[in-house]
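Architecture at a glance
The residues making up each chain are set out below.
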2 protein chains.
Amino acid sequence: MLKISELSAQSGLSAHTLRFYEKHGLINASTRSEAGYRFYNEADVRRVEFVKTARNIGFSLDDIAQLLSIRVDKKSHSCQEVTDLTQHKLNEVNAKIEELQSMQQTLEILLDSCCGGPENATHCSIMEALDEGDIRDKARSNKK
Amino acid sequence: MLKISELSAQSGLSAHTLRFYEKHGLINASTRSEAGYRFYNEADVRRVEFVKTARNIGFSLDDIAQLLSIRVDKKSHSCQEVTDLTQHKLNEVNAKIEELQSMQQTLEILLDSCCGGPENATHCSIMEALDEGDIRDKARSNKK
DNA sequence: CTTGACCTTAGAGTCAACTCTAAGCTTATA
DNA sequence: TATAAGCTTAGAGTTGACTCTAAGGTCAAG
């Protein structure tokens, strides 16, 4: 049985974060001492690790809540539910990557166009491009 | 001279957002009517467009504030300052892309491993991978 | 028995970039 | 002249995931 500081040390999550996750229904200390101190057993620790792994992959806490509800009763849930969640996350990630790659392209074009030297910015091609808004013609739509 | 709603229509930014940008020192209406209504002249509009362009590229409002301070006095600033800002942003974008690509890989591996069918999740390989935390061995470190 | 480290809670603060609300003027139209 | 549309401000709310604070209870060591 681990106290919160011990679980914190072991998991790398702060005690604050562990309590925060508890408040949001993700994890729990299955026992409490008389004084109310949290005690985590092995199953609790495994659940925390599950959360950590899912979070590292990029799942939101809401996603993780769903995954956990599947985890505690696997018989009542299908593989499809799990892949749906995963696919949905992948779609989000892909969309974000595309958006960032568009920014990346634009920024590279800007950097290529400018000397970057110590001369004053009166004729800086980056400033000109921003002023004219014509970057869009080269690398389009970094919109939200 | 444009009223705020006209500039809003023209720029695609809401009147709320225009006031918000003003509050944060990014833009300004150079004139006000007797009653206090904002009126934007051509230079104001160009500044708003500059902000919009920079924001579309992915610059933060803080970055944009810096770019604007260069813009109003180009003679006192160097091309290097501009490229430094741009390079810094590009580095951020690149880092974010790498992080997301790592998530992407992991999610693809997970999806490949699971049947995604209507059978119950008792032996779902995604759930197992999350439980064992061993996804990290294949696709590493999606950390913040 | 005191010191200090650790634990508890409710609730506030942080970040970014908006987004919205309330309460009250102003302006244009019918 | 009345109504509706549009403008003003200060300030609060939103989102997500923490992060921290205050005020106080607990526990082990010396």
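Residues numbered from 1 in each chain as written. Chains lettered and ligands numbered in written order. Predicted model: local features only at pLDDT ≥ 70, side-chain atom pairs only at ≥ 80, totals over all residues. Heavy atoms only, no water.

Before going further, it helps to examine the protein's contact with DNA strand D. In the vicinity of DNA strand D, 18 residues are found, and the nearest of them are Phe-20 and Tyr-21 of chain A together with Ser-5, Tyr-37 and Arg-38 of chain B. Arg-32 of chain B places a side-chain nitrogen or oxygen 3.2 Å from a phosphate oxygen of DNA strand D. A distance of 2.6 Å separates a base nitrogen of DNA strand D from a polar atom in the side chain of Tyr-37 of chain B. Breaking the surface near DNA strand D down by element, the ones donating at least two residues are helix H2 (15–23) of chain A together with helix H1 (4–11) and helix H2 (15–23) of chain B. If you tally residues by element for the surface near DNA strand D, the top one is H2 of chain A, at 4 residues. Classifying every residue of the surface near DNA strand D by side-chain character gives 7 nonpolar, 5 polar and 6 charged. (Near = heavy atom within 4 Å. Polar contact = N/O pair within 3.5 Å; in protein donor to acceptor, adjacent residues only side chain to side chain. Helix = DSSP H or I, 4+ residues; strand = E, 2+ residues; numbered from the N terminus. Nonpolar A, V, L, I, M, F, W, Y, C, P; charged D, E, K, R; others polar.)

Attention shifts here to the protein's contact with DNA strand C. Taken together, 18 residues lie around DNA strand C, and Ser-5, Arg-19 and Arg-38 of chain A together with Phe-20 and Tyr-21 of chain B are the ones closest in. Across the atoms of DNA strand C situated within 4 Å of the protein, the share located in sugar and phosphate is 70%. At a separation of 3.5 Å, a base nitrogen of DNA strand C approaches a polar side-chain atom of His-16 of chain B. Residue assignment for the surface near DNA strand C shows that the elements contributing at least two residues are helix H1 (4–11) and H2 of chain A together with H2 of chain B. When residues of the surface near DNA strand C are assigned to their parent elements, the largest contribution, 4 residues, is made by H2 of chain B. Taken together, the residues of the surface near DNA strand C break down into 7 nonpolar, 5 polar and 6 charged.

A side chain of one charge can pair with a side chain of the opposite charge when the charged atoms of the two come close. Counted under the stated rule, the structure contains 17 salt bridges over all chains. Notably, a salt bridge pairs Asp-131 of chain A with Lys-74 of chain B, separated by 3.6 Å at the nearest N-O pair. You can see Asp-131 of chain A sitting in helix H6 (residues 125–132) and its partner Lys-74 of chain B sitting in the loop between helix H4 (61–71) and helix H5 (79–113), one on each of two chains. The exposure class of Asp-131 of chain A is partly exposed, given its relative accessible area of 26%. Via salt bridges that share partners, Glu-22, Arg-32 and Arg-38 of chain A belong to a single interconnected network. (Salt bridge = Lys/Arg side-chain N within 4 Å of Asp/Glu carboxyl O. Buried < 20%, exposed > 50% of the residue type's maximum accessible area, 1.4 Å probe, protein only.)

Here chain A shows a mean pLDDT of 93. Residues at 70 or above account for 94%. Between residues 138–144 of chain A, whose pLDDT stays under 50, and residues either more than four places distant or in other chains, the model counts 14 contacts. (pLDDT = per-residue confidence, 0-100. Contact = heavy atoms within 4.5 Å.)

Time to look at the nonpolar core. Leu-67 of chain A together with Leu-67 of chain B are the most contacted members of the largest nonpolar core, which has 81 residues in total. In this structure, this core is formed jointly by two domains, domain 1 (1–57) and domain 2 (98–144) of chain B, each of which donates at least three residues. If near-sequence neighbours (up to four positions away) are discounted, Leu-67 of chain A is found in contact with Phe-50, Ala-54, Phe-59, Val-82 and Leu-85 of chain A together with Met-127 and Leu-130 of chain B. (Core = buried A, V, L, I, M, F, W, Y, C linked by side-chain atoms within 4.5 Å. Domains from an automatic or database assignment.)

Moving on, we get to the interface of chain B and chain A. With 54 residues of chain B at the contact, the number on the chain A side is 54 residues. Regarding the contact of chain B and chain A, the summed buried area is about 5000 Å², with carbon and sulfur atoms giving 72% of it. Linking Asp-131 of chain A and Arg-71 of chain B is a salt bridge whose minimum nitrogen-to-oxygen distance equals 2.3 Å. Across the chain B-chain A interface, the total number found is 12 residue pairs in polar contact (both at pLDDT 80 or more). If you list the elements that add at least two residues to the side of chain B that touches chain A, you get helix H3 (42–57), H4, H5, helix H6 (125–132) and helix H7 (135–138) of chain B. In terms of residues, the side of chain B that touches chain A owes the most to one element, H5 of chain B, which gives 21 residues. Looking at the side of chain B that touches chain A residue by residue, the class counts come to 25 nonpolar, 19 polar and 10 charged. (Buried area = accessible area lost by both parts, 1.4 Å probe.)

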